[in-house]
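Results of the structural survey
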Amino acid sequence: MNPAPPVSSVDGLSGFVPSAAATPLSAVIRALVLLRLRALLRPKLFLRFAGIAVGLGVVTWFAVPPANERQFAQWSVEVFLLRILPLLCLVTGGSALRDEIRAFTIEYLWTRPARKAHLVIGAYAGALALTLTQAVVYVVVIHATSALHGFAGAWSYLPASLIATVGGVLAFTAIALALGVLTGKYLVIGVLYGALVEIGLSRLPTRLNNVSVTHHLQTLIESGGASSEPFRFLGLLSGASGCLAIAATGLTAAAVLFTLKTYRIGDEKET
């Protein structure tokens, strides 16, 4: 007597084992973006987000005297766009996959029918959505506060500031994601990178400054037609191309590293 065929423990159908088709990239991106944006609506995170926005408004009120264009440009560009924004991207982008590794939840993502490279792209899209949402609000708060405080010309800087914000978030988040995939010490490495590349190389009057996001953001600001400066299309194209090139390089590096590296789940030490 021939034994009965094995019954699948998955669905109870004789001899049937379902195949796990790969999840489309679009579905991975949509899921991780929604996950990030919904997290922002949680009371704790939302209160922190709102608190930072209010804090930036208060600091702007006291840091930018009425009708003082120089002080406004120094605060909104030199401090926020070139110092605070990179740190925001470092925290959000670096933790996009690293927190999943620390919290053991990366195993859940690995067991889903999604390619590792797709998980990296989805995590990048989610980090972008979260960081851009916050950054745009912060930029608008800074400009609105300055305008209310007597510097009506603040609104003329807004288009260039938003363009630079988008370019900065695209590039800085990709770099942060790659650092987070590389090591659990991404905050330390990110600060060192900022000091050496974004502050150091960006000031060199050579083509080496093209590897710096800061150089391209300054190009975007100078070309955006703020204040009395003329709108320069070629400058905008150059700055945007530089940010996109750095973003693509960072994202590619993150995807390759995440695909090839072996992680000890829940441990900072990696093999």
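Summary of the structure given here. (Residues numbered from 1 in each chain as written. Predicted model: local features only at pLDDT ≥ 70, side-chain atom pairs only at ≥ 80, totals over all residues. Heavy atoms only, no water.)

**With respect to the side chain of Thr173**
Among the structural elements, Thr173 can be located in helix 6 (residues 154-182). Separated by 2.7 Å, the side chain of Thr173 and the backbone oxygen of Val169 make a polar contact. Apart from residues no more than four positions distant in its own chain, Thr173 is found in contact with Cys89, Gly93, Tyr124, Ala127, Leu128, Thr131 and Gly168. (Helix = DSSP H or I, 4+ residues; strand = E, 2+ residues; numbered from the N terminus. Polar contact = N/O pair within 3.5 Å; in protein donor to acceptor, adjacent residues only side chain to side chain. Contact = heavy atoms within 4.5 Å.)

**Comments concerning a nonpolar patch on the surface**
Together, Val54, Val58, Trp61, Phe62 and Leu148 line one region of the surface with nonpolar side chains, adding up to about 590 Å² of accessible area. For Phe62, a relative accessible area of 71% corresponds to the exposed category. (Patch = residues over 30% accessible without salt bridge, like charges linked within 9 Å, V, L, I, M, F, W, Y side chains within 5 Å. Areas by Shrake-Rupley, 256 points an atom, 1.4 Å probe, with all protein chains shown as cover. Salt bridge = Lys/Arg side-chain N within 4 Å of Asp/Glu carboxyl O. Buried < 20%, exposed > 50% of the residue type's maximum accessible area, 1.4 Å probe, protein only.)

**Examining the packing of helix 6 against helix 8 (residues 213-223)**
Contact geometry for helix 6 and helix 8: axes closest at 9 Å, N-to-C directions at 165°. Classified by the interaxial angle, the pair formed by helix 6 and helix 8 is roughly antiparallel. Pair helix 6 / helix 8 crosses with right-handed handedness. Counting all contacts with helix 6, which are made through Ala160, Ser161, Ile163, Ala164, Gly167, Gly168, Ala171, Phe172 and Ile175, the residues of helix 8 involved are Val213, Leu217, Leu220 and Ile221. (Axes fitted to C-alpha atoms, helices over the stretch in contact; angles between N-to-C directions. Parallel < 35°, antiparallel > 145°, perpendicular 65-115°, else oblique. Left-handed = near helix turned anticlockwise from the far one by under 90°.)

**Let's talk about the nonpolar core**
Where a protein is soluble and globular, its nonpolar side chains tend to be buried together. With 60 residues, the main nonpolar core has Val120, Leu177 and Leu217 as its most contacted residues. Mapped onto this core, the elements with two or more residues apiece are helix 1 (25-40), helix 2 (43-63), helix 3 (69-102), helix 5 (116-148), helix 6, helix 8 and helix 9 (233-260). With sequence-adjacent residues up to four places away left out, Leu177 is seen in contact with Gly93, Gly94, Ala96, Leu97, Val120, Tyr124, Leu251 and Ala254. (Core = buried A, V, L, I, M, F, W, Y, C linked by side-chain atoms within 4.5 Å.)

**A few points about helix 5**
Its 33 residues give helix 5 an end-to-end C-alpha distance of 48 Å, which sits within 8% of 48 Å, the value for a rise of 1.5 Å per residue. Just downstream of helix 5, Gly150 is the residue with a positive phi angle, here 115°. (Expected span 1.5 Å × (residues − 1).)

**A look at unusual backbone geometry**
The backbone of Ala67 sits at a positive phi, close to 55°, despite the residue not being glycine. Tracing the sequence through the fold places Ala67 in the loop between helix 2 and helix 3.

**A short note on the packing of helix 6 against helix 7 (residues 186-200)**
Viewed as axis vectors pointing N to C, helix 6 and helix 7 meet at an angle of 135°, and their least axial separation amounts to 9 Å. Between helix 6 and helix 7, the angle is such that the two are oblique. Two packed elements cross with a definite hand, and for helix 6 against helix 7 that hand is right-handed. Residues Phe172, Ile175, Leu179 and Gly180 of helix 6 touch helix 7, and the partners they reach there are Tyr186, Ile189, Gly190, Tyr193 and Glu198. Here the contact of helix 6 with helix 7 is composed, by residue class, of 6 nonpolar, 2 polar and 1 charged. (Nonpolar A, V, L, I, M, F, W, Y, C, P; charged D, E, K, R; others polar.)

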